Amino acid sequence: QVQLVESGGGLVQAGGSLRLSCAASGSIFSINGMGWYRQAPGKQRELVAAITRGGSTKYADSVKGRFTISRDNAKNTVYLQMNSLKPEDTAVYYCNANIVLGLLFNGNDFWGQGTQVTVSS
């Protein structure tokens, strides 16, 4: 069994900062890419940021320069530092990881339960 457990969401004023964490646990052989997605009410889930095992990153245009994704491979954990938050960043944020369960296995996508981020104006 594999679990992704997120933490760090909450309510913050515009211009403030939050740091999200997502720890993967269970029968993990290795983790490929990890990322953060978000879904606002009435909208589709969208990619916010992603990071490869080697540390290459990509970001949605709307968060470039404000958000930073990082990971600690030893802890199977991915982080999202969110600065200069805006009301339009309000959403449920989901962690995603492509996890390999064994030597001869392909990676499978796993999701966290989501954490609410609310930015007040």
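Use the structure listed above.
The following paragraphs examine the structure supplied in this document. (Residues numbered from 1 in each chain as written. Predicted model: local features only at pLDDT ≥ 70, side-chain atom pairs only at ≥ 80, totals over all residues. Heavy atoms only, no water.)

## What to know about the sheet that holds strand β3 (residues 18-26)
Line of reasoning, step 1. Strand order in this open sheet of 4 strands is β1-β3-β8-β7, and the pairing throughout is antiparallel. If you trace the sheet from one side to the other, it starts and ends with β1 (2-7) and β7 (67-72), each paired once. The average undirected angle you get between the axes of adjacent strands in this sheet is 15 degrees.
Line of reasoning, step 2. Bridge count for β1 against β3 is 6 bridges, and the pairing is antiparallel. Residue pairing across strands places V2 opposite G26, the latter belonging to β3. (Pairing = 2+ DSSP bridges. Helix = DSSP H or I, 4+ residues; strand = E, 2+ residues; numbered from the N terminus. Axes fitted to C-alpha atoms, helices over the stretch in contact; angles between N-to-C directions.)

## Quick look at a nonpolar patch on the surface
Line of reasoning, step 1. Together, F29, L101, L103, L104 and F105 make up a nonpolar patch on the protein surface, roughly 610 Å² of accessible area in all.
Line of reasoning, step 2. Along the chain, L101 turns up in the loop between β9 (91-100) and β10 (107-111). (Patch = residues over 30% accessible without salt bridge, like charges linked within 9 Å, V, L, I, M, F, W, Y side chains within 5 Å. Areas by Shrake-Rupley, 256 points an atom, 1.4 Å probe, with all protein chains shown as cover. Salt bridge = Lys/Arg side-chain N within 4 Å of Asp/Glu carboxyl O.)

## Things to note about the packing of aromatic side chains
Line of reasoning, step 1. According to the stated counting rule, one finds 1 aromatic pair in the structure shown.
Line of reasoning, step 2. Between Y37 and W111, the aromatic rings sit 5.0 Å apart at their centres with planes inclined by 65 degrees, giving edge-to-face as the arrangement. Of this pair, Y37 sits in strand β4 (residues 30-39) while W111 sits in strand β10, and the two are 74 residues apart along the sequence.
Line of reasoning, step 3. The exposure class of W111 is partly exposed, given its relative accessible area of 37%. (Phe/Tyr/Trp six-rings, centres within 6.5 Å; stacked < 30°, edge-to-face > 60°. Buried < 20%, exposed > 50% of the residue type's maximum accessible area, 1.4 Å probe, protein only.)

## Some points on the state of the cysteines
Line of reasoning, step 1. One pass over the full model with this rule turns up 1 disulfide.
Line of reasoning, step 2. Here C22 engages in a disulfide with C95; their sulfurs sit 2.1 Å apart. Between C22 and C95, the disulfide has an S-S torsion of -80 degrees and is therefore left-handed. With C22 in strand β3 and C95 in strand β9, the pair connects residues that are 73 residues apart, well separated along the chain.
Line of reasoning, step 3. Residue classification places C22 among the buried residues on the basis of a relative accessible area of 0%.
Line of reasoning, step 4. When its relative accessible area of 0% is taken as the criterion, C95 is described as buried. (Disulfide = S-S within 2.5 Å.)

## Brief notes about the nonpolar core
Line of reasoning, step 1. Counting residues in each nonpolar core, the largest one holds 29 residues, and the members touching the most others are W36, V48, F67, V78, L80, M82 and Y93.
Line of reasoning, step 2. In terms of residues, this core owes the most to one element, β9, which gives 5 residues. (Core = buried A, V, L, I, M, F, W, Y, C linked by side-chain atoms within 4.5 Å.)

## Some remarks on the side chain of R66
Line of reasoning, step 1. Position of R66 among the secondary structure elements: in the loop between β6 (57-59) and β7.
Line of reasoning, step 2. Residue class for R66 comes out buried when judged on its relative accessible area of 11%.
Line of reasoning, step 3. A polar contact is formed between the side chain of R66 and the side chain of D89, at a distance of 2.8 Å.
Line of reasoning, step 4. Leaving out residues up to four positions away in the same chain, R66 has contacts with Q81, M82, N83, S84, L85, K86 and D89. (Polar contact = N/O pair within 3.5 Å; in protein donor to acceptor, adjacent residues only side chain to side chain. Contact = heavy atoms within 4.5 Å.)

## Quick look at the side chain of N96
Line of reasoning, step 1. The residue N96 is located in strand β9 in this model.
Line of reasoning, step 2. Take N96: its relative accessible area is 8%, and that puts it in the buried class.
Line of reasoning, step 3. At 3.4 Å, the side chain of N96 and the backbone oxygen of F110 are in polar contact.
Line of reasoning, step 4. The residues touching N96, leaving out its near neighbours within four places in the chain, are L4, G33, M34, G35, Y37, D109, F110 and W111.

Structural measurements only, silent on function.
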